[in-house]
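Coordinate inspection notes
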Amino acid sequence: MPSSSAAASLQVVVLIPCYNEEVAIPSVIRQFRAALPDASIYVYDNNSSDRTVAVAREAGAVVRSEPLQGKGHVIRRMFADIEADFYVLVDGDATYDASAAPEMVKQAYEQGLDMVNGARVTDREAAYRRGHVLGNRVLTGLVTSVFGRRLSDMLSGYRVFSRRFVKSFPALSSGFETETEMTVHALELAMPIGEVATSYVERPPGSSSKLRTYSDGFRILRMIVNLVKQERPLLFFCVIGAIILLCGLGLGTPVVLEFFRTGMVPRLPTALLATGLVMLAALSFVCGLILDSVALGRREAKRLVYLALPGPPRP
């Protein structure tokens, strides 16, 4: 953590989105209270049907609620409601190491970072199943290959943000794909970011994961595709156009060769289809060029909003 005098002047909050975490949330609050004794701890309940709200209050957290179901909705509400210098965001399932929080806040403070990502490290398969590890690597690889290789764990739910990040983040997603949106927001605006390795453990007995491996994985993949379309439209439509062009050339080349050889077009429907596909490919390329100019204007506007906010406190 920063020095005692600097730490006293910093306003740090811990934000914990929760849905049916009665078993895990008390230990999460206790651990972060010990790791960040000067921080305010907020638990945002998302329509829990168990005693999450009661046990969180008993543990000393400030409890608020968000009725719209989904982690993305909770993140949007938390970021809109809370004012602070640094925001520690962590899941309420007791799988993340609270002792890493002081180092993450320290790095953000001393280096003036807008986001510090908690990269999960574990040797416990029960905590981080092989399928989830593979899926995370694939999805992280897709995003970083397009927007820049600056993070190793895009789907981590443990991060520290500056106020500048929080108040410039649009938070448009509704579910677990919100982590992808956060990552792309930071990479797209070339924000100063960092990463700290943190241990990752399994949930406590009696607690169950809310992550639906296949459906949530598909939603994250769909979010990546949408973000590429919105932020990199030239790349998106050029790829589509190239696929269509290859199909058109594949169908049309034999027809053209036959015409040069005999002077006849025996497969007129194929020729028309190939012509249409090539024209569609050209239209896709033109759409990409036009939308790339629009995306540049949006990116400049977002950057100006980001720059209008005060940067993170520095020592």
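In this report, we go over the structure that sits alongside the text.

As a further point, take the overall build of the protein. Along the backbone of the protein there are eleven helices and seven strands. Along the longest, intermediate and shortest principal axes, the C-alpha atoms of the protein span 85 × 45 × 35 Å. Buried residues in the protein amount to 47% of all 315 residues. Accessible surface computed for the protein: about 15,200 Å², of which carbon and sulfur atoms make up 61%. Separation of charge centres in the protein, based on 34 positive and 30 negative side chains, amounts to 4 Å.

As a further point, take the environment of M154. With respect to the helices and strands, the residue M154 is situated in the loop between α6 (130-147) and β6 (159-162). Residue class for M154 comes out buried when judged on its relative accessible area of 1%. Each C-alpha atom, one on M154 and one on N136, is 7.3 Å from the other, the two residues being 18 residues apart in sequence.

Time to look at the state of the cysteines. Evaluation of the coordinates by the stated rule reveals zero disulfides. A disulfide-free cysteine, C238 has its sulfur positioned 11 Å from the sulfur of C287, the nearest such atom.

Moving on, we get to the sheet that holds strand β5 (residues 115-121). As summarised here, the arrangement of the seven strands in space is β3-β2-β1-β4-β6-β5-β7, forming an open sheet in which the pairing is mixed. Here the strands that pair on one side only, and so sit at the sheet edges, are β3 (62-65) and β7 (193-199). Strand-to-strand, the axes of this sheet are offset by a mean angle of 20°, without reference to chain direction. Relative to strand β4 (residues 86-89), strand β1 (residues 12-18) runs parallel, the two sharing four bridges.

What follows concerns the environment of G252. On the secondary structure map, G252 appears in helix α10 (residues 233-262). The exposure class assigned to G252 is buried, which follows from its relative accessible area of 12%. Sequence separation between G252 and V116 is 136 residues, and the spatial gap between their C-alpha atoms is 52 Å.

Remark: helix α4 (residues 71-81) packs on helix α8 (residues 178-188), axes separated minimally by 9 Å, with the N-to-C direction vectors making an angle of 50°. Classified by the interaxial angle, the pair formed by α4 and α8 is oblique. Between α4 and α8, the residues in contact are K71, G72, I75 and F79 and T178, E179 and M182, respectively. Considered class by class, the residues forming the contact of α4 with α8 number three nonpolar, two polar and two charged.

The next point concerns unusual backbone geometry. Its identity as a non-glycine residue notwithstanding, A171 has a phi of 50°, on the positive side. Assignment of secondary structure puts A171 in the loop between α7 (163-168) and α8. Look at A190: it is not a glycine, yet its phi comes out positive at around 55°. For A190, a relative accessible area of 52% corresponds to the exposed category.

Mapping K71 onto the fold places it in helix α4. For K71, the residues in contact, after removing those within four places along its chain, are P17, N46, D91, G157, S174, G175, F176, T178 and E179.

In this section: the pattern of salt bridges. On inspection of all chains with the given rule, the structure shows 16 salt bridges. Residue K71 is joined to D91 by a salt bridge in which the shortest nitrogen-to-oxygen separation is 2.7 Å. Placement of K71 in helix α4 and of D91 in the loop between β4 and α5 (101-111) is noted, with a sequence separation of 20 residues between them. For D91, a relative accessible area of 16% corresponds to the buried category. Here R232 ties to E188 by a salt bridge, and the two come within 2.7 Å at their closest N and O atoms.

Calculation notes
- Residues numbered from 1 in each chain as written.
- Predicted model: local features only at pLDDT ≥ 70, side-chain atom pairs only at ≥ 80, totals over all residues.
- Heavy atoms only, no water.
- Helix = DSSP H or I, 4+ residues; strand = E, 2+ residues; numbered from the N terminus.
- Buried < 20%, exposed > 50% of the residue type's maximum accessible area, 1.4 Å probe, protein only.
- Areas by Shrake-Rupley, 256 points an atom, 1.4 Å probe, with all protein chains shown as cover.
- Lys, Arg positive; Asp, Glu negative; His and termini not counted.
- Charge placed at Lys NZ, Arg CZ, Asp CG, Glu CD.
- Disulfide = S-S within 2.5 Å.
- Pairing = 2+ DSSP bridges.
- Axes fitted to C-alpha atoms, helices over the stretch in contact; angles between N-to-C directions.
- Parallel < 35°, antiparallel > 145°, perpendicular 65-115°, else oblique.
- Contact = heavy atoms within 4.5 Å.
- Nonpolar A, V, L, I, M, F, W, Y, C, P; charged D, E, K, R; others polar.
- Salt bridge = Lys/Arg side-chain N within 4 Å of Asp/Glu carboxyl O.

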